[in-house]
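Remarks on the overall topology
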Amino acid sequence: MHILTVVGARPQFVKAAVVSQALKATGQIVETLIHTGQHYDVTMSDIFFSELGIPSPSVSLGVGSASHGAQTGRMIEKLEEVMIECKPEMLLVYGDTNSTLAGAIAASKLHIPIAHVEAGLRSHNRSMPEEVNRILTDHVSTKLFAPSSGAVENLRLEGIRVGVTNVGDVMYDAALQFKEISLRRTEPSEASGIVQRFEKYVLATIHRADTTDSPEIFGRVLEGLNELSRSMPVVMPAHPRLRSLLSDSRLKLHSDFLVIAPVGYLDMLLLESNATVIVTDSGGVQKEAFFHQIPCVTVRTETEWTELVESGWNTLVNPAEAGQFLAQKTLEAVGRKGNDAKPYGDGDAAARIADQLLI
């Protein structure tokens, strides 16, 4: 069986690492990996392939950044060319990025069956590009691999019942597999230095357009994190765009507000698993906090990972109301433990996906 896999963003590289291993282990699946270039520089793309042992992509489209419409359109055009040449029996896509939607649209036009990993997730906020991407992808997919029972129910409510399987979350597979590797590494890094330096710290990741595009909202989030750093060190990996926003801010950051360079997946696992509490606007980091049993505060008005809020592991804070409220809620989360729940399976999602693809 020949499967064409499309990836383009950092979380997808992590998911592909564990699923590609499972596909190869079947001895019956040949995979061609396509990198759209949605995340394309060394610190934000290449390092993930080298760290996680993912084979180099067969094709790199090099699309790069652009507006949502322009980026998606360029991907569709280039992916269609690849699909016509490769003639895959199925397309495999992950999550909810523009790469996901572009692959799904191109394949659907060529009548190539589509398998969607992380099907059924809903934030119920259609102003988020990711929400639109995941809904459209689900509705043209043949095999829908849901990460939780809640995701299965979301699909049922939209009339999607055929081809749906609750396989669990491949990110849980990855967290289990790569956490031990991250702890065994001996080479020094900025992340390992932070873990050795601080007994307690807050790990913060901020990147969403909803959080960063408005100077007023970003200012309130930054004010909250800065206030928090007066009580506990805040460590924030920052990609170039975020560093530029920080430079433009008039807020003088506290000495215990540490802005560091972007980190690879293994260093991120190290920082997450040793954090006292995590503050994020990322969907993936919310889950990784839970996998490491670290309390999380999510700077969003809603989340697609509703199980984490319901079980008490995650607290939502409206970014427009952040400021000192964010600092307060984060300090209240220190030491908090949620319910002993396992909503995302047993860490064998990748193997279950591989089995289902062969049916």
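Given the structure is predicted, the values throughout are model-derived calculations rather than measurements.

Some details on unusual backbone geometry
Positioned with a positive phi, Lys-87 is a non-glycine residue whose angle comes to about 55 degrees. Residue position: Lys-87 is located in the loop between helix H3 (68–86) and strand E4 (90–94). Judged by its relative accessible area of 65%, Lys-87 is exposed. Phi is positive for His-111, close to 60 degrees, though the residue is something other than glycine. Of the residues examined, His-111 reaches a relative accessible area of 72% and is grouped as exposed.

Description of the packing of aromatic side chains
Per the stated rule, a full pass over the model turns up seven aromatic pairs. Taking the centre distance of 6.4 Å and the plane angle of 85 degrees together, the rings of Phe-291 and Tyr-344 count as edge-to-face. Placement of the pair is Phe-291 in helix H13 (residues 283–291) and Tyr-344 in the loop between helix H15 (323–333) and helix H16 (349–357), with a sequence separation of 53 residues. Judged on exposure class, the residue Phe-291 and its partner Tyr-344 are both buried. Cluster of aromatic residues (ring-pair linked, three or more members): Tyr-172, Phe-290, Phe-291, Trp-305, Trp-313 and Tyr-344.

Re the sheet that holds strand E6 (residues 143–146)
Two strands in a sheet stick together by hydrogen bonds in their backbones, pointing the same way (parallel) or opposite ways (antiparallel). The strand order across the open sheet formed by seven strands is E3-E2-E1-E4-E5-E6-E7, and the pairing between neighbours is parallel. Unpaired on one side and paired on the other, strand E3 (59–60) and strand E7 (164–166) mark the two borders of the sheet. The pairing of strand E1 (residues 2–7) with strand E2 (residues 30–35) spans six bridges and is classified as parallel. Bridging from a neighbouring strand, Thr-5 pairs with Leu-33 of E2. Relative to E6, H16 is tilted by about 165 degrees, and along the sheet it contacts E1, E4, strand E5 (114–117), E6 and E7.

Things to note about the side chain of Thr-315
With respect to the helices and strands, Thr-315 occurs in strand E13 (residues 314–316). By relative accessible area, Thr-315 is classed as buried at 18%. Residues contacting Thr-315, with those up to four places away along its chain left out, are Cys-296, Val-297, Thr-298 and Arg-336.

A closer look at the side chain of Thr-298
Positionally, Thr-298 belongs in strand E12 (residues 296–298). Judged by relative accessible area, Thr-298 falls into the buried class, the value being 0%. When near neighbours in sequence (up to four residues on either side) are disregarded, Thr-298 contacts Thr-280, Gln-286, Asn-314, Thr-315, Leu-316 and Val-317.

Observations concerning the pairing of E6
Here E6 shows a buried face lined by Lys-143 and Phe-145 and a second buried face lined by Leu-144 and Ala-146. Alignment of E5 against E6, held across three bridges, turns out to be parallel. Each residue of the ladder has a partner; that of His-116, found in E6, is Leu-144. As for the winding sense of the linkage, the β-α-β connection from E5 through helix H5 (residues 129–139) to E6 is right-handed. Pairing between E6 and E7: three bridges, direction parallel. Residue pairing in the sheet places Ala-146 in a bridge with Asn-166 of E7. The parallel pair E6 and E7, bridged by helix H6 (residues 149–157), forms a crossover whose chirality is right-handed.

A word on the packing of H3 against helix H4 (residues 98–109)
Direction vectors running N to C along H3 and H4 enclose 45 degrees, while the axes themselves pass 8 Å from each other. Relative to H4, the element H3 lies oblique. Note on packing geometry: the crossing formed by H3 with H4 is right-handed. Residues His-68, Gln-71, Thr-72, Met-75, Ile-76, Leu-79, Glu-80 and Met-83 of H3 pack against Asn-98, Ser-99, Leu-101, Ala-102, Gly-103, Ile-105, Ala-106 and Ala-107 of H4. Taken together, the residues that form the contact of H3 with H4 break down as nine nonpolar, six polar and one charged.

Remarks on the sheet that holds strand E11 (residues 277–280)
Pairing within the open sheet is parallel, and its six strands lie in the order E10-E9-E8-E11-E12-E13. At either margin of the open sheet sits one strand with a lone partner, and together these are strand E10 (257–260) and E13. Along the sheet, successive strands turn relative to each other by an average axial angle of 20 degrees, direction set aside. This element, H13, spans strand E8 (202–205), E11, E12 and E13 of the sheet and lies at about 170 degrees to E11.

Rules and cut-offs
- Residues numbered from 1 in each chain as written.
- Predicted model: local features only at pLDDT ≥ 70, side-chain atom pairs only at ≥ 80, totals over all residues.
- Heavy atoms only, no water.
- Helix = DSSP H or I, 4+ residues; strand = E, 2+ residues; numbered from the N terminus.
- Buried < 20%, exposed > 50% of the residue type's maximum accessible area, 1.4 Å probe, protein only.
- Phe/Tyr/Trp six-rings, centres within 6.5 Å; stacked < 30°, edge-to-face > 60°.
- Pairing = 2+ DSSP bridges.
- Contact = heavy atoms within 4.5 Å.
- Axes fitted to C-alpha atoms, helices over the stretch in contact; angles between N-to-C directions.
- Right-handed = clockwise from strand over helix to strand, strands pointing away.
- Parallel < 35°, antiparallel > 145°, perpendicular 65-115°, else oblique.
- Left-handed = near helix turned anticlockwise from the far one by under 90°.
- Nonpolar A, V, L, I, M, F, W, Y, C, P; charged D, E, K, R; others polar.

It is worth stressing that arrangement in space is one thing and function is another; only the former is reported here.
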